[in-house]
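Below are the chains, spelled out letter by letter.
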Amino acid sequence: MEAYTGFAQVYDEFMDNIPYEEWSRYLIGLLKENGVTSGLVCDLGCGTGKVTRELKKAGYDMIGLDCSEEMLSIAREDLSQEGILYLKQDMREMELFGTIAAAVSICDSMNYLLEKEDLVKVFSLVNNYLDENGLFIFDLNTEYKFRTILADNTFAENREDAAFVWDNYYYEEEQINEYDLNLYIQETPDLYRKYSEIHYQKAYSLDTIKECLLQAGMVFVDAYDAFTKEPPGTDSERIYVIAREGHQAGKYYENK
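Below: a short report on this structure. For clarity, every value in this text was computed on a predicted model and none was experimentally measured.

## Overview of the pattern of salt bridges
Then comes step 1: Under the counting rule described, the total for this entry stands at 11 salt bridges.
Then comes step 2: Across the pair Glu-211 and Lys-116 runs a salt bridge whose closest N-O atoms are separated by 2.8 Å. Of this pair, Glu-211 sits in helix H7 (residues 206-215) while Lys-116 is found in helix H5 (residues 116-129), placing the two residues 95 residues apart along the sequence.
Then comes step 3: Judged by its relative accessible area of 33%, Lys-116 falls in the partly exposed class.
Then comes step 4: We note a salt bridge from Asp-139 to Arg-238, for which the minimum N-O separation is 2.8 Å.

## Some words on the packing of aromatic side chains
Then comes step 1: Scanning all chains against the criterion turns up 11 aromatic pairs.
Then comes step 2: Aromatic ring contacts, followed pair by pair, group Tyr-20, Trp-23, Tyr-26, Phe-227 and Tyr-240 into a single cluster.

## Comments concerning the side chain of Glu-178
Then comes step 1: With respect to the helices and strands, the residue Glu-178 is situated in strand S8 (residues 176-188).
Then comes step 2: Of the side chains with opposite charge, Lys-194 comes closest to the buried, unpaired Glu-178, at an N-O distance of 13 Å.
Then comes step 3: Within the structure, the side chain of Glu-178 is placed 2.8 Å from the side chain of Tyr-171, a separation counted as a polar contact.

## Regarding the sheet that holds strand S7 (residues 162-171)
Then comes step 1: On the basis of which strands lie adjacent, the open sheet formed by 4 strands has the order S6-S7-S8-S9 and antiparallel pairing. This sheet does not close on itself; its edge strands, each paired only once, are strand S6 (154-158) and strand S9 (191-202). With strand direction ignored, the average angle separating the axes of adjacent strands in the sheet is 15°.
Then comes step 2: Taken together, the 10 bridges between S7 and S8 define a ladder with antiparallel strand orientation. Its bridge partner being in S8, Tyr-169 is matched across the sheet by Glu-178.
Then comes step 3: In the packing of helix H6 (residues 143-150) onto the sheet, the strands contacted are S6, S7, S8 and S9, and the crossing angle to S7 comes to about 115°.

## Describing the packing of helix H2 (residues 20-33) against helix H3 (residues 50-57)
Then comes step 1: One can describe the packing of H2 onto H3 by two numbers: an axis separation of 9 Å at closest approach and a directional angle of 55°. The orientation of H2 relative to H3 falls into the category oblique. Judged by the twist between their axes, the crossing of H2 over H3 is right-handed. Each of Tyr-20, Glu-21, Ser-24, Leu-27, Ile-28 and Leu-31 in H2 lies in contact with H3, whose residues at this interface are Lys-50, Val-51, Glu-54 and Leu-55.

## Thoughts on H7
Then comes step 1: All of the buried residues along H7 are Thr-208, Ile-209, Cys-212 and Leu-213. Down the axis of H7, the buried side of the element spans an arc of 135°, and every buried residue falls inside it. Exposed side chains of H7 directed beyond 90 degrees from the buried face belong to Asp-207 and Leu-214.
Then comes step 2: Summarising the contacts, the buried residues of H7 are in contact with H5, strand S5 (130-141), strand S10 (219-225) and strand S11 (238-244).
Then comes step 3: After H7 finishes, the residue Gly-217 shows a positive phi value of roughly 90°.

## Here we look at unusual backbone geometry
Then comes step 1: Even without a glycine there, the phi angle at Asp-108 is positive, about 55°.
Then comes step 2: Relative to the assigned elements, Asp-108 resides in the loop between strand S4 (100-105) and H5.

## A short note on the nonpolar core
Then comes step 1: Residues Leu-44, Leu-96, Met-110, Phe-123, Val-126, Phe-136 and Phe-138 are the most contacted members of the largest nonpolar core, which totals 33 residues.
Then comes step 2: Listed by contribution, the elements that provide at least two residues to this core are strand S1 (40-44), strand S2 (61-66), S4, H5, S5, H7 and S11.
Then comes step 3: Broken down by element, the residue count for this core peaks at 7 residues, all from H5.
Then comes step 4: Among all residues touching Phe-123, those that are not within four sequence positions of it are Met-110, Phe-136, Phe-138, Ile-209, Cys-212, Leu-213, Ala-216 and Met-218.
Then comes step 5: Grouped together as the second largest cluster of nonpolar side chains are 30 residues, Tyr-20, Val-51, Met-62 and Leu-135 included.

Criteria and thresholds
Residues numbered from 1 in each chain as written. Predicted model: local features only at pLDDT ≥ 70, side-chain atom pairs only at ≥ 80, totals over all residues. Heavy atoms only, no water. Salt bridge = Lys/Arg side-chain N within 4 Å of Asp/Glu carboxyl O. Helix = DSSP H or I, 4+ residues; strand = E, 2+ residues; numbered from the N terminus. Buried < 20%, exposed > 50% of the residue type's maximum accessible area, 1.4 Å probe, protein only. Phe/Tyr/Trp six-rings, centres within 6.5 Å; stacked < 30°, edge-to-face > 60°. Lys, Arg positive; Asp, Glu negative; His and termini not counted. Polar contact = N/O pair within 3.5 Å; in protein donor to acceptor, adjacent residues only side chain to side chain. Pairing = 2+ DSSP bridges. Axes fitted to C-alpha atoms, helices over the stretch in contact; angles between N-to-C directions. Contact = heavy atoms within 4.5 Å. Parallel < 35°, antiparallel > 145°, perpendicular 65-115°, else oblique. Left-handed = near helix turned anticlockwise from the far one by under 90°. Arc of directions from axis to C-beta. Core = buried A, V, L, I, M, F, W, Y, C linked by side-chain atoms within 4.5 Å.

Take a look at the structure:
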């Protein structure tokens, strides 16, 4: 899961096309509709903390968790992050100081878990840390997006002080998407430094997600085509999944 090292420096610059406030409003709406109107919330894969800060503005007490120190360093530089606890942790080895009302994870962090066993591990940890009937909301890029939209394409963008070239490959049999990213970041007027990163994401069907939640002791609540209240369709590019802490199911799982 090691990624977002060189990219961290320019992540927010190149992600300025993502409407984080709009995405956060949708997420906050789902939290409130499902009974989490306040309390401690953990943002898994929080990155530079944009969504974490929006949730704090909405009145939640926030923990931001990410495995990239570079991304967290940028998150901590924002003065509006005061009162947010940022933790450098791999979500597969998450250790919190107590229970939480909810966990959230958006911007496809779950896709970075390349094995079903890792999904179950993360879901189990979330289940353990959630308050009784606590909520877990996360999103996923879909196989349709990997296979049809990203596919074997190249994407490039040039900014005033940085540029990137992204070569994408989708391996259908393994359901693995590979992002080969070359970044060129200006350090002086005459010098651009090149950074290369490779990112991998896994496509999971909703049935597989439900199976992993069940194995982890969680209760599946609902799934939506992103930013709607419609069920996922065959052409959904991103879906949101809502699950609850399941202490009864968890006991069953522990006895297996």
